[in-house]
Amino acid sequence: MTFRKKGSKNPPLLSLEFILQNHADFVACVGMFFVLGLMFEGTAEVSIVFITLQHGVTFPAVEAEAEAETEAERATAPKFLYHYGAKDLATVFFYTLVAIIIHATIQEYVLDRINRRMQFPKQRQGKFYESGQFSVFFLVSCIWGTFILVSENCLSDLTVLWKAHTHNMMTFQMKFFYISQLAYWFHAFPELLFQRSRPQELSQQAVYVGLHLFHIAGAYLLYLNHLGLLLLMMHYFVEFLSHSCDLFYFSDEKFQKEFSLWAIVFILGRLVTLIVSLITAGFQLAGGQNGNSDDSAEDVNVLAAKIAVLSSSCSIQAYVTWNLFNVQLQRWMEEDAPLQAPSVKKKRIKGRFCRKGMENGVATSNRLLDSPQMRKEKSS
């Protein structure tokens, strides 16, 4: 992904170059319309749909306490939960605009200043900007997601991962996390245009973004919130290490050894993700089929859901592992290229000298044969 460069001359007004250079300002103006709509009574109801979470349901305190199993859960029993609906599309759209603004802010005030100080070559600038943006996003998401897992007792009670909730609801922080994740990955598609990605990188970036959207939306729509969040945190942690190693490598090539350490962590992370997916979806979710037929028809613990979860999890692990091998092979080829180039050059120089020596020898012999002394010997 390459970064757009601002030229010294201002482009024509409303031209494509002008829009690409100032896209964050246009997006900020659009977002301000929704925020200003909260100030007027006639437009407040429409603006609320875009800004706040929708499809909330209030449960009686008695029912919420009856569903809680421990005293700690009874003390903090949620009374206001959420499910998904069509209005979530409006909320995702608004926070997609917010993601574009944050992306441009990090680009201009953090990454551009580091690039000017380090003076990276043009071949590495695009990868540096990409790794810098993803490092910030993955770090914030890991911290935020871990906080949600701890606050909802997912790490202390692993049965929450495969336990089906009666009403298929989620808490405020869980839904806001998934809305934010969907908004960020949706914003990556227009960023491919804004950042002027190369044609050979466009398809790869689109597949990378599409896979994240597919799995996050699948966990959100199937109410596999806790399982999806745990798998997402493991994936984000490995990706954060990957892009952090790239940033260190760009600053100094002596950190090339860190890539090998990340490759080990990468493989271990994929294995743990597959194990958790198999245990949760393959074995524990099967227990939900022992219930009533009416409940199992509406529950996510059905055979089709299990197959979809297992197949999607295995497919994305295979895809990212294949990308790892491709990146490693490409780096090996780049390292071997400078070593092979001098030897080839020497061979070519040596061959050129041999040809020149043979040509000079032939010319000398011809001159000797054409000399007057050789002519007299031939005539005698």
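Residues numbered from 1 in each chain as written. Predicted model: local features only at pLDDT ≥ 70, side-chain atom pairs only at ≥ 80, totals over all residues. Heavy atoms only, no water.

The protein appears in an unreviewed UniProt entry as Translocating chain-associated membrane protein from Ovis aries. Of the protein, the UniProt comment under Sequence similarities (unreviewed entry) reads exactly: "Belongs to the TRAM family." The heading Subcellular location (unreviewed entry) in the UniProt record of the protein holds the text "Membrane". (UniProt positions renumbered as here; feature names shortened; annotations may be inferred.)

Draft legend 1. Quick look at the pattern of salt bridges. The tally for this structure, following the rule as stated, stands at 1 salt bridge. A salt bridge links Lys175 to Asp88, with the nearest nitrogen and oxygen atoms 3.0 Å apart. In this pair, Lys175 is assigned in helix H8 (residues 172–194) and Asp88 in helix H6 (residues 88–118), connecting sequence segments 87 residues apart. What makes Asp88 buried here is its relative accessible area of 5%. (Salt bridge = Lys/Arg side-chain N within 4 Å of Asp/Glu carboxyl O. Helix = DSSP H or I, 4+ residues; strand = E, 2+ residues; numbered from the N terminus. Buried < 20%, exposed > 50% of the residue type's maximum accessible area, 1.4 Å probe, protein only.)

Draft legend 2. Broad picture of the nonpolar core. Counting 51 residues, the largest nonpolar core has Phe138, Tyr178, Trp185, Leu229 and Tyr236 as its most contacted members. Looking at this core, the element that brings in the most residues is H8, giving 10 residues. (Core = buried A, V, L, I, M, F, W, Y, C linked by side-chain atoms within 4.5 Å.)

Draft legend 3. Expanded view of the packing of aromatic side chains. Under the counting rule described, the total for this entry stands at 28 aromatic pairs. A centroid spacing of 5.6 Å and a plane angle of 75 degrees characterise the contact between Tyr95 and Phe176, whose relative ring orientation is edge-to-face. Of this pair, Tyr95 sits in helix H6 while Phe176 is found in helix H8, placing the two residues 81 residues apart along the sequence. In this structure Tyr95 comes out as buried when scored by relative accessible area, which is 19%. For Phe176, a relative accessible area of 22% puts it in the partly exposed group. (Phe/Tyr/Trp six-rings, centres within 6.5 Å; stacked < 30°, edge-to-face > 60°.)

Draft legend 4. Quick peek at the confidence of the model for the protein. Confidence along the protein averages 75 in pLDDT terms, with 67% of residues attaining 70 or more. When pLDDT is averaged over each element of the protein, H8 comes out on top at 93 and helix H12 (residues 293–298) at the bottom at 45. Taken as a whole, residues 343–350 scores under 50 in pLDDT and shows 0 contacts with residues more than four places along the chain or in a different chain. (pLDDT = per-residue confidence, 0-100. Contact = heavy atoms within 4.5 Å.)

Draft legend 5. Main features of the packing of H6 against helix H7 (residues 122–151). Where H6 contacts H7, the two axes come as close as 10 Å, and the packing angle between them is 125 degrees. By the angle between their directions, the pair H6 and H7 is classed as oblique. H6 and H7 meet at a crossing whose hand is right-handed. Residues His103, Ile106, Gln107, Leu111, Asp112, Ile114 and Asn115 of H6 form the contact with H7, whose participating residues are Gln125, Phe128, Tyr129, Gly132, Gln133 and Val136. Here the residues of the contact of H6 with H7 are counted per class, giving 6 nonpolar, 6 polar and 1 charged. (Axes fitted to C-alpha atoms, helices over the stretch in contact; angles between N-to-C directions. Parallel < 35°, antiparallel > 145°, perpendicular 65-115°, else oblique. Left-handed = near helix turned anticlockwise from the far one by under 90°. Nonpolar A, V, L, I, M, F, W, Y, C, P; charged D, E, K, R; others polar.)

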